[in-house]
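Below, each chain spelled out in residue letters.
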Amino acid sequence: MKSNTTAIGLGVVGIIFLVIAALYALGVLQILASTTSGPHYKHAILFAVLAVASFVAANFARPKTA
Amino acid sequence: MTFAQALFMGLLQGATELFPVSSLGHSVIIPSLLHWSFKQSDPTFVPFLVLLHLGTAGALLVLYRDQWIAIIRGFFAAALRGSITTPAERLAMLLLAGTIPAGVLGVFFETRIKSLFASPYVAAGFLVVNGFLLLGFELLRRRAERRAALDSKPRAEQEQSFAEAERISFRAAAVIGACQALAFLPGISRSGVTIGGGLLAGLRHQEAARFSFLLATPVILAAGLVEVPQLLSSGVPVGEYVAAAILSGLAAYASARFLLRYFRSGRLDPYGVYCVAAGLVSLALLRFNL
């Protein structure tokens, strides 16, 4: 399923994940965390990995020129 | 926890983490059976377990150092190119596909589930379930061997008819990764369910074990490294805990070497029988407070 639309969509998802990772790392975001204050590094790492996976998937989805 | 107890727990955790018999289940059941007084709800127990896991992850990194170098190189090459051309690149992407569901479930649910079920009775019960799961995986594998008319052939030849880890599908890798969440239940083995998942996906036993060990490493390592700063500031006897972690790593290394050799022709059956028997005996001992 190679298309520019898919690639751009996955890139946008990656950016969203990156922002969420930063918010968890800074302690701004507390949703679904075991404590209600402070940074949540596990959550931040998870969303950073999800962001990387999205960017990788975006690159795979991008149509390649020969 | 005394130093001797810490060393024993390190040995136990390292030896049972990679065997398909549930290290968490053993860590919950055995101290209870030995009437050890330390509480697993103690704030110092989690950092202790974290260090033991780092020992295990370190052992796996040493064991697979060459493969990890190839996997990391393969990951960056495939990610930048946007296509997969070598088996190492495919394995890197498979591990990413398997790690994501495990990471999501681990970050959001692990602590909640573990705290719900951290009882020796529950752990012993799930150990029995783990045993039946392992026996079930082998039952399905034997059925697959019969379907492929392999049941009369020697074991080594049977195994050669199945695939290497790099041949697994991405969907199967993700499902195997998600199966790791079952291991949040004390008594259910992470390596057991992932090796079993690998068998169902058509891998050789040895390859299923290799994929299971490779899949476990990033999650264990990341979870451990995140906790290290808290460990150093929590006032625990770091020297004693590090000694236990080293012992855990040595035991894990020896276990992994043994298992990879064993799974050239061995099956999960003996571990299944052991889990059923150990779970039932533990339930009886706990019930009668022996």
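Please refer to the structure placed before this passage.
Residues take numbers from 1 onward in each chain, read along the sequence in its written order. Numbering of ligands from 1 and lettering of chains from A proceed in the order in which they are written. For a predicted model such as this one, the threshold for reporting local features is a pLDDT of at least 70, and the threshold for listing and counting side-chain atom pairs is 80 or more; totals across whole chains, interfaces and linings nevertheless cover every residue. As a rule here, side-chain values come from all non-hydrogen atoms in the structure, and water together with hydrogens is ignored.

### Let's talk about the overall build of chain A
Inclusion rule: Secondary structure elements are taken from DSSP: a helix is a run of H or I of four residues or more, a strand is a run of E of two residues or more, and numbering for both begins at the N terminus. Only C-alpha atoms enter the radius of gyration, while the globule expectation follows 2.2 Å times N to the 0.38, with N the number of residues. When accessible area is computed with a 1.4 Å probe and restricted to protein chains, residues below 20% of their type maximum are described as buried, those above 50% as exposed, and intermediate ones as partly exposed. A contact between two residues is defined here by any heavy atoms of the two lying within 4.5 Å. Accessibility throughout is a Shrake-Rupley quantity obtained with a 1.4 Å probe, and a residue counts as covered only by protein chains that appear here.
Of regular secondary structure, chain A possesses two helices and zero strands. Computed over its C-alpha atoms, the radius of gyration of chain A comes to 14 Å, more than 25% above the 11 Å expected for a compact globule of 66 residues. Across its three principal directions, the C-alpha atoms of chain A cover 50 × 15 × 15 Å. A burial count over chain A gives 32% of its 66 residues as buried. A sequence separation of at least 24 residues applies to 59% of the contacts in chain A between residues at least 6 apart. With the model as given, the accessible surface of chain A reaches about 3,900 Å², and the carbon-plus-sulfur share is 75%.

### Considerations on the interface of chain B and chain A
Often the size quoted for an interface is simply the accessible area lost on bringing the parts together. Stated formally: Accessible-area loss on putting two parts together, using a 1.4 Å probe and summing over both, is the definition of buried area adopted here. A side-chain nitrogen of Lys or Arg and a carboxyl oxygen of Asp or Glu constitute a salt bridge if their distance falls within 4 Å.
The interface of chain B with chain A comprises 19 residues on the first partner and 19 residues on the second. Interface of chain B and chain A: buried area, both sides summed, is about 1,500 Å²; carbon and sulfur atoms make up 78% of it. By the criterion of area lost to chain A, the three top residues of chain B are V107, F108 and V226 of chain B, representing 34% of everything that side buries. For the pair chain B and chain A, the interface holds zero salt bridges.

### A closer look at the nonpolar core
What tends to happen in soluble globular proteins is that the nonpolar side chains get buried as a cluster. All names here are of chain B. To keep it simple, the criterion reads: Nine residue types can take part in a nonpolar core, namely buried Ala, Val, Leu, Ile, Met, Phe, Trp, Tyr and Cys, and a core is a set of them joined through side-chain atoms within 4.5 Å.
Among the nonpolar cores identified, the biggest contains 62 residues, and Y64, L95, F211 and F213 are the most heavily contacted of them. A per-element tally of this core places helix α5 (residues 87-117) first, with nine residues. Judged by nonpolar contacts, the second largest core, of 15 residues, contains A6, F38, V236 and A245.

### Observations regarding helix α10 (residues 205-233) of chain B
Residue and element names in this part refer to chain B. The condition that has to hold: By this rule, a helix spans an expected 1.5 Å times one less than how many residues it contains. The bend at a residue is defined as the angle formed between two axes, one fitted to the seven residues ending at that residue and one fitted to the seven starting there.
The end-to-end C-alpha distance of α10 is 42 Å, a good match for the 42 Å that 29 residues give at a rise of 1.5 Å each. Helix geometry: α10 is bent most strongly at E227, by close to 35°, with proline P229 lying one to four residues after it. Where α10 terminates, the next one or two residues include G235, which has phi positive at roughly 75°.

### With respect to the environment of F211 of chain B
All names here are of chain B. Secondary-structure assignment places F211 in helix α10. On the basis of relative accessible area, F211 is assigned to the buried category, the value being 1%. Distance from F211 to L285, taken between C-alpha atoms, is 36 Å for residues 74 residues apart in sequence. Setting aside anything within four residues of it in sequence, one finds F211 in contact with L91, L94, L95, A165, A173, I176 and L203.

### Notes on the environment of A156 of chain B
With respect to the secondary-structure elements, A156 of chain B resides in helix α7 (residues 155-160). Along the chain, A156 of chain B and G266 of chain B lie 110 residues apart, while their C-alpha atoms are 9.4 Å from each other.

### Some words on the pattern of salt bridges
It is possible for side chains bearing opposite charge to pair when their charged atoms get close. Residue and element names in this part refer to chain B. Taken as a whole and assessed by the stated rule, the structure comprises 12 salt bridges over all chains. R155 is paired through a salt bridge with E159; the nearest N and O atoms lie 3.1 Å apart. With R155 and E159 both in helix α7 and four residues apart, the pair spans about one turn of that helix. A salt bridge links R210 to E207; the shortest N-O distance between them is 2.8 Å.

### Some words on the layout of surface pockets
Cut-off, in case you're wondering: The distinction between a cavity and a pocket rests on a 1 Å grid over the protein atoms alone: a 1.4 Å probe fits inside a cavity but cannot get out, while a pocket stays open yet meets protein on both sides within 12 Å along at least five of seven lines, and a residue with an atom within 4 Å of a point counts as lining. Grid points are joined across faces, edges and corners, and a volume is the space filled by probe spheres set on the points. Residue type decides the class: Asp, Glu, Lys and Arg count as charged, Ala, Val, Leu, Ile, Met, Phe, Trp, Tyr, Cys and Pro as nonpolar, and the leftover types, Gly among them, as polar.
Of the pockets and cavities examined, the second largest pocket occupies roughly 160 Å³. As for the second largest pocket, its lining consists of A53, V56, A57 and F60 of chain A together with M93, L96, A97, I100 and F170 of chain B. Listed by contribution, the elements that provide at least two residues to the lining of the second largest pocket are α2 (41-61) of chain A together with α5 of chain B. Considered class by class, the residues forming the lining of the second largest pocket number nine nonpolar, no polar and no charged.

### Here we look at a positive patch on the surface
The following threshold applies: Note on patches: the residues involved have over 30% relative accessible area and no salt bridge, like charges join within 9 Å, and the nonpolar side chains Val, Leu, Ile, Met, Phe, Trp and Tyr join within 5 Å. None of His or the chain ends enter the tally, which takes Lys and Arg as positive and Asp and Glu as negative. Charged groups are reduced to one reference atom each: NZ for lysine, CZ for arginine, CG for aspartic acid, CD for glutamic acid.
Taken together, the side chains of R65, R257, R261 and R264 of chain B define a basic patch exposed on the protein surface. Following the sequence through the fold, R257 of chain B ends up in helix α11 (residues 238-262).

### Points about the packing of helix α1 (residues 4-26) of chain A against α2 of chain A
Residue and element names in this part refer to chain A. Filter applied, for reference: Axis definition: a line fitted to C-alpha atoms, limited for helices to the stretch in contact. Angles are taken between N-to-C directions and run from 0 to 180 degrees. Reported orientations rely on four angle classes, namely roughly parallel under 35 degrees, roughly antiparallel over 145, roughly perpendicular from 65 to 115, and oblique for the rest. The handedness criterion is simple: a crossing whose near helix is rotated anticlockwise from the far helix by less than a right angle is left-handed, and one whose near helix is rotated clockwise is right-handed.
Running from N to C, α1 and α2 cross one another at 165°; their axes reach a closest spacing of 8 Å. The angle between α1 and α2 places the two elements in the roughly antiparallel class. Between α1 and α2 lies a crossing of left-handed hand. By residue class, the composition of the contact of α1 with α2 is 20 nonpolar, five polar and no charged.

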